[in-house]
Each structure stands twice: as structure tokens, then as C-alpha cells.
Amino acid sequence: MKSAVLVFPGSNREGDVARALHMVSGVKPAMVWHADTALPQGTDLVVLPGGFSYGDYLRCGAIAARAPIMEAVRAHAARGGLVLGICNGFQILCESGLLPGVLVRNARLRFICREALLKVERNDTPFTRRYARGAIVRYPVAHGEGNYTADATTLKRLEEEGRVLFRYVMPDGHRDDAQVLNGAANSIAGIVSEKLNVLGLMPHPENHVDPLVGPTDGRALFESLVGALEKA
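Scoring rules and cut-offs
- Residues numbered from 1 in each chain as written.
- Predicted model: local features only at pLDDT ≥ 70, side-chain atom pairs only at ≥ 80, totals over all residues.
- Heavy atoms only, no water.
- Phe/Tyr/Trp six-rings, centres within 6.5 Å; stacked < 30°, edge-to-face > 60°.
- Helix = DSSP H or I, 4+ residues; strand = E, 2+ residues; numbered from the N terminus.
- Buried < 20%, exposed > 50% of the residue type's maximum accessible area, 1.4 Å probe, protein only.
- Pairing = 2+ DSSP bridges.
- UniProt positions renumbered as here; feature names shortened; annotations may be inferred.
- Contact = heavy atoms within 4.5 Å.

Further remarks concern the packing of aromatic side chains. On inspection of all chains with the given rule, the structure shows four aromatic pairs. Relative to Y148, the ring of F90 lies with its centre 6.0 Å away and its plane at 10 degrees, an arrangement referred to as stacked. Note that F90 is positioned in helix α3 (residues 88-95) and Y148 in strand β8 (residues 147-149), a separation of 58 residues in sequence. Residue F90 is classed as buried on the basis of its relative accessible area of 0%.

In C-alpha cells:
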């Protein structure tokens, strides 16, 4: 798997996700600067990492969405290439139009840094094929603007098309929109594009991959990507 991790001014999780990709695939990803205009030749997967790109000025991800490298990312996605946006990366994907909706301030207006329980809604995508459908996994979250919001028509379409890939759930595994940690509509933690090749999610799977430092629930996401590309 040939992957590329984008680096914006203010990114702070690019090293974490690069390490996760290397651990799982055995290949170090290319680190691509925001001002570049092309991805490395043969790139299979582009990852937009977490952080505070451009200091979160204007809106989270708004400036990064207009960075020179994003034209190449859009072209990559249009060709069916895989794109993964984590936390700030999810915000950038929404601001760039690669995914619908927007991430706004958490409902209680507080930064949240903790573990969250998520339900894997489907396992027939390149990102989730190593999970069981309906599995409950634990990923860390660290965000102040993780409240996924969209108009009623968009939410209805996402649900009908099965594009909600990860959803926040309670400790007993059930969904409770009134108690979701950040106020996200329909308890949405991650969504995919129409072609199932672009995923944005707020929690951080890259921080749960190494048994030496904690749980490994996030490892299957990266293993899924490696497996999907090997099959392709």
C-alpha cells in the first residue's frame, strides 16, 4: 500500500497516523506538504490527519480545504482513490466538498478528550472489512468542534444510502442522540462518500493500534485498507 499523509501548518497527528500505517502495512507513507501541488506517483491512499490546521482560523478546516494540495486530493478521490480524514481531516473533507455536512462546536462548548464507544454500522467498505458488522469499538476522541451537522435532507440521504459508517453509542451499545458526547446529529462519528472511497471520522483510530500502549481497536481499520488494496 502506497500512502501519503498530508501535513498542514498546525497538524499534530501526522506522526501518529504515519506510524500506524507503517506498523500495519510495513511501508512508510510519504509526508506531503500542504503547498505541494501533486501527490506521489502511484499513491493508493491519502490521509488527512488531526490537528489544528492553520490555527483553525475562520472555521476548522476552511483554509486547509483551499490549500494547493487539495486539488490533487479531489482528483485522486474522483478517480476512486482512497481518502481518509481523521478529526481535523474530517473537517477539511467537509469544507472541501468531498463529504457533506459540517463539524461545529461541541454541544456543551467544551473540548472533549477521552475514549468513545463506536458502533461499526457496516463492514463491506474498504475501511471496515476487518470488523464485524455491528461491532462496538473504542477509539480516543480529542476535539472541540466534532458536532456533525447537516440539513434534514442530507441526513436522510446519508441514512438511506448507508453512508454512516461509525456511530457514537452508550456503554450498553445503544444509540442515544440526546446524550451523545458532542451533540452530533444522529450520533454520527464517521461518514463515507457515495463511492465508499472517502471516509471522514472524528475519533482517532491511529492511537489504538499498538498493544504496548493500550487497546488496538483502531488497527482493523488500517488492516482493512491494506486488505482492500491487496484484493484490488
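Counting buried positions over the five residues of strand β9 (residues 164-168) gives five, a clear majority of the element. As paired strands, β9 and strand β10 (residues 188-192) are joined by three bridges and run antiparallel to one another. Directly across from R167, in β10, lies its bridge partner I188.

Take the UniProt feature "active site" (unreviewed entry) in the protein next. Per the UniProt record, the feature "active site" (unreviewed entry) sits at C87, H204 and E206. These annotated residues cover 120 residues of sequence, and their C-alpha atoms all fall within 11.1 Å of one another, placing them together at a single site. With respect to the helices and strands, the residue C87 is situated in the loop between β4 (82-86) and α3. A relative accessible area of 5% means that C87 is categorised as buried. Not counting residues up to four positions away in its chain, the partners in contact with C87 are G50, A142, H143, L201, M202 and H204. Along the polypeptide, H204 turns up in the loop between β11 (198-201) and α5 (219-231). The contact partners of H204, leaving out residues within four places of it in the chain, are R13, G50, I86, C87, Y139, P140, V141 and A142.

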